[in-house]
Amino acid sequence: MQHARTENASTVQSIVERWREEEGPLLPILNGIQQALGYVPRESVPVIAEALNLSRAEVYGVVSFYHDYREKPAGRHVLKVCRAEACQSMGGDAVAERLEQLLGIRFHETSADGAVTLEPVYCLGLCACAPSAMLDGEVIGRIDDEKAADIARRARA
C-alpha cells in the first residue's frame, strides 16, 4: 500500500510540475492526475493547493464540482445511466432501478469485486433514443429489460 502512495505522490508531483507555470493550470493538473491514476486522490489536494497558491478548499471545490473527477478508483467498467428528463419520461427510472438491482449496487458505488462503478449522468445527448446509458464510453439507447440485463452482464465481465 505504501508503494502505491509513493508512486501516486511521484505521479502527482510530476503532473503539477508540468502544468504549474501555465495559465489556468488547475484543470489541466486535475485532468492529468485523473488520466494517469484514474482518480484524484485526496492526498493530492494539498500538493496542488500549495503549488498553485490556492486554498485546499478551492482545489477540493473544483474536484467535487465536476462529476467526472473521482476521489476513489473506479471499477474496471464504468456504467453511466442518464437521469435527465427525456430519459425519465421514457422509463429511465425503472431502467435505473433495474440496473441497480442487477448489479447489486446503487449510484456512486463500485461493486465489491471492483468490476463496475455505477454513475448518474444528466444527458448523454441521446434523447431521441431514451432511455440511455454509456458503458465504458459506448452509448446505448432504447434500453429495455433485455438490454439492461445484457448491459449488467457485460459490466460484470
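Before reading on, note that the structure itself is shown above.
Residues numbered from 1 in each chain as written. Predicted model: local features only at pLDDT ≥ 70, side-chain atom pairs only at ≥ 80, totals over all residues. Heavy atoms only, no water.

Caption draft 1: A look at the overall build of the protein chain. In terms of helices and strands, the protein chain carries seven helices and five strands. Tracing the protein chain from N to C terminus, the helices and strands come up as α-α-α-α-β-α-α-β-β-β-β-α. If one aligns the C-alpha atoms of the protein chain with their principal axes, the spans along those axes are about 50 × 35 × 20 Å. Of all intrachain contacts in the protein chain linking residues separated by at least 6 positions in sequence, the fraction that spans at least 24 positions is 58%. If you sum the accessible surface of the protein chain, you get close to 9100 Å²; carbon and sulfur atoms cover 51% of it. (Helix = DSSP H or I, 4+ residues; strand = E, 2+ residues; numbered from the N terminus. Contact = heavy atoms within 4.5 Å. Areas by Shrake-Rupley, 256 points an atom, 1.4 Å probe, with all protein chains shown as cover.)

Caption draft 2: Region of interest: the environment of Ser 64. Mapped onto the secondary structure, Ser 64 falls in helix H4 (residues 56-65). Look at Ser 64 and you get partly exposed, because its relative accessible area is 41%. (Buried < 20%, exposed > 50% of the residue type's maximum accessible area, 1.4 Å probe, protein only.)

Caption draft 3: Up close: the pairing of strand E3 (residues 116-121). For E3, a buried count of six out of six residues is recorded, marking the element as mostly surrounded by other parts of the structure. Burial along E3 is two-sided: Val 116, Leu 118 and Pro 120 and Thr 117, Glu 119 and Val 121, pointing in opposite directions, are all buried. As paired strands, strand E1 (residues 77-82) and E3 are joined by six bridges and run parallel to one another. Bridged to Lys 80 within E3 is Glu 119. With two bridges joining them, strand E2 (residues 109-110) and E3 adopt antiparallel strand pairing. (Pairing = 2+ DSSP bridges.)

All we've got here are geometric facts, nothing functional implied.
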